[in-house]
Amino acid sequence: MASEPPRGRGSASRPAARYEPLQREPVDDGWVGDDDPAPALRTEVTPETPRSLLVRNDSPDVPFTLSINPYRGCEHGCAYCFARPAHAYVGLSPGLDFESRLYVKTGAAAVLRRELGARNYRPSPVALGINTDAYQPVEREWRVTRELLEVLAESAHPVSIVTKSALVERDLDLLGPMGHAGLAQVAVSLTSLDRGLSRRLEPRAAAPQRRLETIRRLTDAGVPVSVLVAPLIPVLTDGETESLLEAAAAAGAVSADYVLLRLPREVAGLFEEWLRAHEPLKAEHVLARLREAHGGRVYDSSFGQRMRGSGAWADLLGQRFALARRRHGLDRWSGDLDCSQFRPPAPAKPADDRQLDLF
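Calculation rules
- Residues numbered from 1 in each chain as written.
- Predicted model: local features only at pLDDT ≥ 70, side-chain atom pairs only at ≥ 80, totals over all residues.
- Heavy atoms only, no water.
- Buried < 20%, exposed > 50% of the residue type's maximum accessible area, 1.4 Å probe, protein only.
- Helix = DSSP H or I, 4+ residues; strand = E, 2+ residues; numbered from the N terminus.
- Pairing = 2+ DSSP bridges.
- Right-handed = clockwise from strand over helix to strand, strands pointing away.
- Core = buried A, V, L, I, M, F, W, Y, C linked by side-chain atoms within 4.5 Å.
- Contact = heavy atoms within 4.5 Å.
- Phe/Tyr/Trp six-rings, centres within 6.5 Å; stacked < 30°, edge-to-face > 60°.
- Lys NZ or Arg CZ within 6 Å of the ring centre and 35° of its normal.
- Axes fitted to C-alpha atoms, helices over the stretch in contact; angles between N-to-C directions.
- 1 Å grid on protein atoms, 1.4 Å probe; cavity = no way out; pocket = protein on both sides within 12 Å on 5 of 7 lines; lining within 4 Å.
- Points joined across faces, edges and corners; volume = space filled by probe spheres on them.
- Nonpolar A, V, L, I, M, F, W, Y, C, P; charged D, E, K, R; others polar.
- Salt bridge = Lys/Arg side-chain N within 4 Å of Asp/Glu carboxyl O.
- Polar contact = N/O pair within 3.5 Å; in protein donor to acceptor, adjacent residues only side chain to side chain.

Caption draft 1: Local environment of the pairing of strand β8 (residues 184-190). Within β8, 7 of the 7 residues are buried, leaving the element largely enclosed by the surrounding structure. Residues A184, V186, V188 and L190 of β8 are buried on one face, and the alternating residues Q185, A187 and S189, pointing to the opposite face, are buried as well. Pairing between strand β7 (residues 159-163) and β8: 5 bridges, direction parallel. Among the inter-strand pairings, V159 is bridged to a residue of β8, identified as A184. Once you follow β7 into helix α5 (residues 172-180) and on to β8, the crossover reads as right-handed.

Caption draft 2: Structural detail: helix α4 (residues 144-154). For α4, the complete set of buried residues consists of V144, T145, R146, L148, L149, V151 and L152. Directly after α4, the chain includes A156, whose backbone phi takes a positive value near 50°.

Caption draft 3: Region of interest: the nonpolar core. L112, L149 and L175 are the most contacted members of the largest nonpolar core, which has 62 residues in total. The element contributing the most residues to this core is helix α8 (residues 241-251), with 6 residues. In contact with L175, not counting residues within four places along its chain, are Y135, L149, I161, V168, A184, V186 and V223. Of all hydrophobic cores here, the second largest spans 22 residues; its members include I233, L261, L263 and A283.

Caption draft 4: Inspection of the side chain of N69 at higher detail. Within the secondary structure, N69 is located in the loop between β3 (66-68) and β4 (71-72). Given a relative accessible area of 13%, N69 falls into the buried group. The contacts of N69, once residues within four sequence positions are left out, are K105, G129, I130, N131 and T132.

Caption draft 5: Structural detail: the packing of aromatic side chains. Taken as a whole, this structure holds 3 aromatic pairs when the rule is applied. Measuring from ring centre to ring centre gives 5.6 Å for Y121 and F342, while their planes differ by 65°; the resulting arrangement is edge-to-face. You can see Y121 sitting in the loop between α2 (108-116) and β6 (126-128) and its partner F342 sitting in the loop between α11 (312-327) and α12 (351-356), a full 221 residues away along the chain. Neither residue differs from the other here; Y121 and F342 are each classed as buried. The ring of F82 is capped by R262, whose NZ or CZ atom sits 4.6 Å from the centre of that ring. One cation-aromatic arrangement involves R308 over Y258; the distance from NZ or CZ to the ring centre is 4.1 Å.

Caption draft 6: Highlighting the sheet that holds strand β9 (residues 225-232). Strands sit in the order β2-β3-β6-β7-β8-β9-β10 across an open sheet of 7 strands; the sheet is mixed. Both edges of this open sheet fall to β2 (55-56) and β10 (255-260), since each of them pairs with a single strand only. Where β3 lies against β6, 3 bridges are found, and the strand directions are parallel. Looking across to β6, one finds that L66 is bridged to V126. Along the sheet, α11 makes contact with β9 and β10, crossing β10 at roughly 165°.

Caption draft 7: Seen up close, empty space enclosed by the protein. All chains considered together, the criterion is met by 1 cavity of 30 Å³ or more. Quantified by volume, the largest cavity comes out at close to 70 Å³. Lining the largest cavity are 12 residues, and of these G10, S11, A12, L270 and W274 lie nearest its centre. Partitioning the lining of the largest cavity into residue classes produces 6 nonpolar, 4 polar and 2 charged.

Caption draft 8: Region of the structure containing the pattern of salt bridges. Counted according to the given criterion, the structure contains 22 salt bridges. The partner of R217 in a salt bridge is E169, with the nearest N and O atoms 2.9 Å apart. Placement of R217 in helix α7 (residues 208-220) and of E169 in the loop between β7 and α5 is noted, with a sequence separation of 48 residues between them. Note on R217: relative accessible area 37%, which makes it partly exposed. Using a relative accessible area of 13% as the deciding quantity, one classes E169 as buried. Across the pair E202 and R211 runs a salt bridge, and its minimum N-O distance is 2.7 Å. You can call E202 buried: its relative accessible area is 2%.

Caption draft 9: How the structure looks around the pairing of β10. Counting buried positions along β10 gives 5 out of 6 residues, so the element sits mostly inside the fold. Of the strand pairs in this sheet, β9 and β10 are connected by 5 bridges, and their pairing is parallel. Pairing of S226 across the sheet is with S255, part of β10. As a crossover connection, the stretch from β9 through α8 into β10 is right-handed.

Caption draft 10: Region of interest: the side chain of T163. Note that T163 resides in strand β7. Of the residues examined, T163 reaches a relative accessible area of 1% and is grouped as buried. Here S165 takes part through its backbone nitrogen, which lies 3.0 Å from a polar atom of the side chain of T163. Other than its neighbours up to four places away in sequence, T163 contacts D133, Y135, V168, V186, A187, V188 and S189.

Have a look at this one:
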């Protein structure tokens, strides 16, 4: 039986980053009992000042060209998160470090104001929080996402958000008017309606029923909401496809999409470790389905293949999803946002000028 993760965490281990020269392997010396609970793991946050913020993307299988990630790492701790390997670039583990040792981009709003005000800037919808969730728990304290939205709202710049957090409701005062003006849309990620499974998979994300309530509140505020069934996990969650879309439509969502479970680099080993610990009787079946969809491997990173897979099972899954999407009217919105209203934001005031504003 694989080891259990620390309380409130998705990973059970801390494998070394792939660029590190040394690898460490835990060895049982017989002094620690197998039944001893893992200690709680505190989250550490390190501020970093970005030189630039807007990331340009030219991948042919994603629907945006510009994105912003306010945080490195994600406290939600989702066992399947495809972004985990990015922590190797800062010499940290894609396992427990990814969800407990975070980096926050302080001063991001001033950088965004400068970039949007550049003479050669041409507006394109910005995807906010794509690599890691912009509304993860540490956002309550640091409020970087809030400050970025204030700049985007001031400049009438279109924005799309993907989140599995109810914290997005905090910013309805900005997102509501932007939604009415065709400047904002939110995709709420739903993986399962099973609270127990969701708790194990996504230990610090909002409960499934709370996410449905978030869809309702965003919709009532005038924000177009999509449901993103991501990841769709063979055997564990693919049987919920139709019920997930039915629940999302009932809550007010206007469109839907899905992403097949992605296991790049270290995520493959970490997710298999999670499977052995939490779903040992289904683990081999899950991995077999993934290999079937990826030509004998658990993951194929090729454009067009990585999101959907291929083969008979993957094709059937796509057909089921398309049928359920039409049945529940989740193909009513094109997803287009309006770039014509953009106006460059006012330059940030120097610190001395801000002090003079007090008098």
